[in-house]
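Structural overview
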Amino acid sequence: MKSANSVLSSYGTTVFEVMSRLAIEHGSINLGQGFPDGNGPDDVRAVAHEALDSSPNQYPPMMGVPELRQAVTTHNKRFYDIDSNWQSETIVTSGATEALAAAMFGLIEPGDEVVLIEPLYDSYMPIIQRAGGIPRLVRVEPPHWTLPRKELAAAFSNKTKLLLLNNPQNPTGKVFDDEELAFIADLVCGFDAYAICDEVYEHLVFDGLKHNPLMNQPGMRERCVKIGSAGKTFSLTGWKVGYAIASPALMAPIAKAHQFLTFTTPPNLQKATAYGLGKDDSYFESLAGDLQAKRDLIKTGLERIGFTAMDCSGTYFLNADFSGLGFIGSDEDFCRMITLEAGVTAVPVSAFYSGPGIDTVARFCFCKEDDLLLEAIARLEKHFGT
Ligand code: PMP
Ligand code: GLN
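To keep things clear, this report deals only with the structure shown in the data block. (Residues numbered from 1 in each chain as written. Chains lettered and ligands numbered in written order. Predicted model: local features only at pLDDT ≥ 70, side-chain atom pairs only at ≥ 80, totals over all residues. Heavy atoms only, no water.)

Some words on the site of ligand 2
- In the vicinity of ligand 2, the contacting residues are F16, Q33, G34, Y121, N170, Y201, K232, F317 and R363.
- Take Q33: an N or O atom from its side chain is 2.7 Å from an oxygen atom of ligand 2.
- Measuring from an oxygen atom of ligand 2, one finds a backbone N or O atom of G34 at 2.6 Å.
- Look at ligand 2: alone it shows 290 Å² of surface, and the protein chains cover 81% of it. (Near = heavy atom within 4 Å. Polar contact = N/O pair within 3.5 Å; in protein donor to acceptor, adjacent residues only side chain to side chain. Areas by Shrake-Rupley, 256 points an atom, 1.4 Å probe, with all protein chains shown as cover.)

Put into structure tokens, the structure is as follows:
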């Protein structure tokens, strides 16, 4: 048999699927893969339900239903004062994952360099490599995940086509500050490059911080593709509704890729997402407030057991170093061990590196009911005898 594509074949099954399967197999509390244990807001689901029966279920327009494209424009104006034209500058995709793929396939020419910040979300590298891009990786280091400015500047060259910035960042929970964003923007402008901004966790920021899109930095409006996800903003990860805004010049090649990837996204889910984006401020405030309390709950519990919790200003992931617990083995071994022996699943952070990375840290997802988080902590406490 002839061989399959060598780039994609070189990857195994994603760590999220692997750990979720293991959690199901062993009946453990799954704090690995990032998904809430609730069912999303009732009113958003009700709109989807209603639209399923009262609206057409045939192919919606390729760029998305007008209601959602308009809602995306209104949302970006309301939260970030970004003006955009819903007809020439917005697109609806099947999850942020598809928006990322469409942006990379649309923009990268074989041989182009792409700057990335590790640890990073696992869909980036295979798509960049499949598109013929050459990754240039720099690392933020724990526990504060500070941006290494010198290394970042050195990663840019005249061959740089784009930077992929995930802010707030999975898995670190880092929220890039204004100075870091200004520094990044200067590099992108200075090298006449673009930025794909994965901002799926834009509404999950804590401690009074406000999400600040890279697109709002001077000179960046025309250079950025800003991506969001209903999965994160409405705790409905199974819907896979994503959206992006970009200048018409960037949107055109992205739409070319999108038309051959998925072409459209279920129309009733698009309508419900449009409704959701218009919800009151109180919805967005309580989403972040509730998660902040859960972050504190899991952080306190893990620290009591002997983990060293890292900074987390956004997303719904807390990273914890387990070196103090006396475990001998890698982070993969550790996550497997706690699944089997303590009945709690986490994700090894080394999975977010393309080569050897830190391997004494586990990522715990905390967008779960408090009772479940408390039970997970109790199980770990019992296991480690604290
Ligand atoms: N980017 C990041 C950083 C993520 O954590 C996720 C999580 N699923 C995605 C993109 C994908 O979002 P979606 O489910 O909307 O495709
Ligand atoms: N974004 C989620 C996480 O980081 C998982 C997404 C997936 O399972 N593909 O856990």
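Notes on the pattern of salt bridges
- Applying the stated rule across the entire model yields 21 salt bridges.
- K271 serves as the salt-bridge partner of E67, at 3.9 Å between the closest nitrogen and oxygen. You can see E67 sitting in helix α4 (residues 66-80) and its partner K271 sitting in helix α12 (residues 267-277), a full 204 residues away along the chain.
- For E67, a relative accessible area of 38% translates into the label partly exposed.
- Across the pair D281 and R78 runs a salt bridge, and its minimum N-O distance is 2.7 Å. With D281 in helix α13 (residues 281-305) and R78 in helix α4, this residue pair connects regions lying 203 residues apart in the sequence. (Salt bridge = Lys/Arg side-chain N within 4 Å of Asp/Glu carboxyl O. Helix = DSSP H or I, 4+ residues; strand = E, 2+ residues; numbered from the N terminus. Buried < 20%, exposed > 50% of the residue type's maximum accessible area, 1.4 Å probe, protein only.)

As for the site of ligand 1
- Around ligand 1, a shell composed of 14 residues is seen, among which T97, D198, Y201, K232 and K240 lie nearest.
- A distance of 2.5 Å separates a nitrogen atom of ligand 1 from a polar atom in the side chain of D198.
- Between ligand 1 and S229 there is a distance of 2.7 Å, counted from an oxygen atom to a side-chain nitrogen or oxygen.
- Within the complex, the protein chains bury 93% of what would otherwise be the 390 Å² of accessible surface of ligand 1.
- Here the element with the most residues in the shell around ligand 1 is helix α6 (residues 95-107); it accounts for four residues.

Scope: geometric values only; no functional claims are made or implied.
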